[in-house]
Every structure is written in C-alpha cells, then in structure tokens.
Amino acid sequence: KQWYQRRVRVQLLRDIEKEKQNAMFVFVSDVWLDQPAVLNKLKTMFTGYSKVPPFAFVFFGNFTSDQCHRDTVSKMRAGFKALSDILSSYPTLCSDSHFLFIPGRQDPGPGPVLPRPALPASIVEPVTRKLTHAHMCSNPVRVQYCSQEMVLFRENLINKMCRHCIKFPQRNEELHVHLAKTLLSQGHLAPLPLHAMPVYWSHDHALRLYPIPDVVVVADKYDAFSVSASDCLMFNPGSFPKSNFSFKVYLPAQKKIENCEIAA
C-alpha cells in the first residue's frame, strides 16, 4: 500500500512539473557584491526577469572578490545592503521568486571544512527582510522541486581533482566529463583525501550522491560546462564576473539547460 501511494504521489508531482512549463532556476556563481560591475549586471538581469519571475535565483559565493580578511564581513554586509536596494525596484521578484544563497570557500565560516554552514544572519539581514522567500543554505544543499532532486555545490573541484588524479585526461575538454563520472561513480562530492578536502565526519552524509540525484550543480571557477551521465545532469554555471557575465538557466519541465550572457 505504501509503495502504491508513493508511486501515485511521484506521478502527481511529475504532472505538476509538466504543467509549469515556464518554471526556471537561474544559477549565478561568484556573485561579487563588492564589485559595482556585478551589481549593475544583476540589476540588468532582474529587469529582464521582472515580468516573468523565475521560480528561483540561486546565487553561489564567493560574495566578495578578495580573500577573507578582517574587512570581509563589513564588505559583505554592505554588498547585501546594495543588493537589497536594487531588489526594492522589483517587487514582483521579491514576492514571487525564491532566492537561495550558497556560501563559497572565501566567505566567513569555519575554514575549508565541508559541509559549510549558511551565511551568518547578521550579514544577510538586509536581504532577508526584503525578500519573501530568502533561503540561506549550507554548502552543499539539496533542493527538491516536484519529482526532481537537485544537489547544489560551490567548490573549485576541477583544479583539486587535477592535482590529485592518477591518470590525467589527454585532452582538456574532457576534464568536466571525467569529473562528472568520478563524482557519480564514487557517489560523493569529495572523493579526495582528507588533507585535500577536510570533511566533518558527522555531516559526511550531506556530501553523498547516492541515490544519484536528477541534477548536480558544481559551481566552479573553471569554464562553464554541462554533461549528462548515469541519468544525471551535471553542470557548472561558470564564474559570473570572469566569463563575460554568463550564467545558466535550468528548465525542470524540459530538463533543459540554457546558456545566458548579459551583453556589455
């Protein structure tokens, strides 16, 4: 009986997915809120989506352009205040869209150990007061949208995997394919020794990829990519300020990725 009820529930969720053809997730990585150019491009993005609000904006850190130092917290607080001021001009986005904020390695936190906790409430308060659906997430974080499970992770994995690989790929364009196959085959987001990627043992389950999710987003400073393996879609939106302000949009109803770029 429980098996039948679960099957009916999953089918109902899939029907809802198909009905919401316009639902979309917008993924942006390296949202440097201390850079005026990034804030201007975000304003352009919000203007473009203001009439058709996405289901969710997913913003990955790092949220400042510098290494973490004593002024980082004050710079981040000022950056989130600037973001809040920009969002004030888009009430539809503030009320209808979800906003997910996932910290990066250089953002305030307990060092390089994974998983990382969410950004401190004292830093993001201007945004949480402005948005109806603001979510300060851990890194990584799991998102369930209807019948699809997504794992969102901010880490520069390509460089780390290359430094510790046994057999280097013959062609650089194959790096992302090897990364996807390695992560999914290992069933883990950190398949490296602890000295390379320290992990909190009591929270190691947050890094596991078994059962394999429908979507894995690895936000890396490496060039943007998308690859499908083992019935899983894995992609990297690329660094927003370093890739001509490009980002990726995921359409769950079609299981399709769109490459987007904000013109200069």
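So, here's what we can say about the structure. (Residues numbered from 1 in each chain as written. Predicted model: local features only at pLDDT ≥ 70, side-chain atom pairs only at ≥ 80, totals over all residues. Heavy atoms only, no water.)

Some words on helix H2 (residues 36-49)
At step 1: End to end, H2 covers 20 Å across 14 residues, agreeing with the expected 20 Å (1.5 Å per residue, within 8%).
At step 2: Listed as buried for H2 are Val38, Leu39, Lys41, Leu42, Met45, Phe46 and Tyr49. For H2, the angular spread of buried residues about the axis comes to 165 degrees, placing them on one side. Exposed side chains of H2 directed beyond 90 degrees from the buried face belong to Pro36, Asn40 and Gly48. (Helix = DSSP H or I, 4+ residues; strand = E, 2+ residues; numbered from the N terminus. Expected span 1.5 Å × (residues − 1). Buried < 20%, exposed > 50% of the residue type's maximum accessible area, 1.4 Å probe, protein only. Arc of directions from axis to C-beta.)

A short note on the pattern of salt bridges
At step 1: All chains considered together, the criterion is met by 8 salt bridges.
At step 2: With a closest N to O distance of 2.6 Å, lysine 75 and aspartate 66 form a salt bridge.
At step 3: Here aspartate 66 falls in the partly exposed class, since its relative accessible area comes to 32%.
At step 4: The partner of aspartate 204 in a salt bridge is arginine 208, with the nearest N and O atoms 3.1 Å apart.
At step 5: Through salt bridges with shared partners, one network takes in Asp34, Asp66 and Lys75. (Salt bridge = Lys/Arg side-chain N within 4 Å of Asp/Glu carboxyl O.)

Some thoughts on the environment of glycine 79
At step 1: Relative to the assigned elements, glycine 79 resides in helix H3 (residues 72-87).
At step 2: Of the residues examined, glycine 79 reaches a relative accessible area of 2% and is grouped as buried.
At step 3: Counting along the chain gives 43 residues from glycine 79 to proline 36, while the straight-line C-alpha distance between them is 9.5 Å.

A word on a nonpolar patch on the surface
At step 1: Where nonpolar side chains cluster on the molecular surface, the patch consists of Trp3, Tyr4 and Val8 and spans about 390 Å² of accessible area.
At step 2: Within the secondary structure, tyrosine 4 sits in helix H1 (residues 2-19). (Patch = residues over 30% accessible without salt bridge, like charges linked within 9 Å, V, L, I, M, F, W, Y side chains within 5 Å. Areas by Shrake-Rupley, 256 points an atom, 1.4 Å probe, with all protein chains shown as cover.)

Some remarks on the side chain of arginine 154
At step 1: Tracing the backbone shows arginine 154 in strand E6 (residues 148-154).
At step 2: Given a relative accessible area of 4%, arginine 154 falls into the buried group.
At step 3: Looking at arginine 154, its side chain comes within polar contact range of the side chain of aspartate 30, at 2.8 Å.
At step 4: Only 3.1 Å separates the side chain of arginine 154 from the backbone oxygen of alanine 219, close enough to count as a polar contact.
At step 5: For arginine 154, the residues in contact, after removing those within four places along its chain, are Ser29, Asp30, Phe60, Gly61, Asn62, Ile102, Pro103, Gly104, Asn139, Ala219, Asp220 and Lys221. (Polar contact = N/O pair within 3.5 Å; in protein donor to acceptor, adjacent residues only side chain to side chain. Contact = heavy atoms within 4.5 Å.)

Some remarks on the sheet that holds strand E2 (residues 56-60)
At step 1: Taken together, 6 strands build an open sheet; the order of strands is E4-E3-E2-E1-E10-E11 and the sheet is mixed. The sheet is open, and its two edges are formed by strand E4 (133-136) and strand E11 (256-261), each paired on a single side. Put simply, the sheet's adjacent strands are angled 20 degrees from each other on average, direction ignored.
At step 2: Pairing geometry for strand E10 (residues 246-251) and E11, over 6 bridges, is antiparallel. Looking at E11, one finds that phenylalanine 247 is bridged to cysteine 260. (Pairing = 2+ DSSP bridges. Axes fitted to C-alpha atoms, helices over the stretch in contact; angles between N-to-C directions.)

A look at the packing of aromatic side chains
Two measures describe an aromatic ring pair: the distance that separates the ring centres and the angle between the ring planes.
At step 1: According to the stated counting rule, one finds 20 aromatic pairs in the structure shown.
At step 2: Considering the side-chain rings of phenylalanine 25 and phenylalanine 27, the 6.3 Å spacing of their centres and the 15 degrees angle between planes classify their relative orientation as stacked.
At step 3: Assessed through its relative accessible area of 0%, phenylalanine 27 is described here as buried.
At step 4: Taking the centre distance of 5.5 Å and the plane angle of 90 degrees together, the rings of phenylalanine 46 and phenylalanine 57 count as edge-to-face. Residue phenylalanine 46 is found in helix H2, and its partner phenylalanine 57 is found in strand E2; the two are separated by 11 residues along the sequence. Assigned by exposure class, phenylalanine 46 and phenylalanine 57 land together as buried.
At step 5: Through successive ring pairs, a cluster of aromatic residues spans Phe46, Tyr49, Phe57, Phe59, Phe63, Phe80, Tyr90, Phe99 and Phe101. (Phe/Tyr/Trp six-rings, centres within 6.5 Å; stacked < 30°, edge-to-face > 60°.)

A few points about the sheet that holds strand E5 (residues 141-145)
At step 1: Sheet architecture is open: 5 strands sit in the order E5-E6-E7-E9-E8, paired in mixed fashion. Either end of the sheet is taken by a strand with one partner, and the two such strands are E5 and strand E8 (225-229). When strand polarity is set aside, the average angle formed by the axes of neighbouring strands in this sheet is 20 degrees.
At step 2: Across 3 bridges, the pairing between strand E7 (residues 215-219) and strand E9 (residues 232-236) is parallel. The residue of E9 that forms the bridge with valine 216 is methionine 234.

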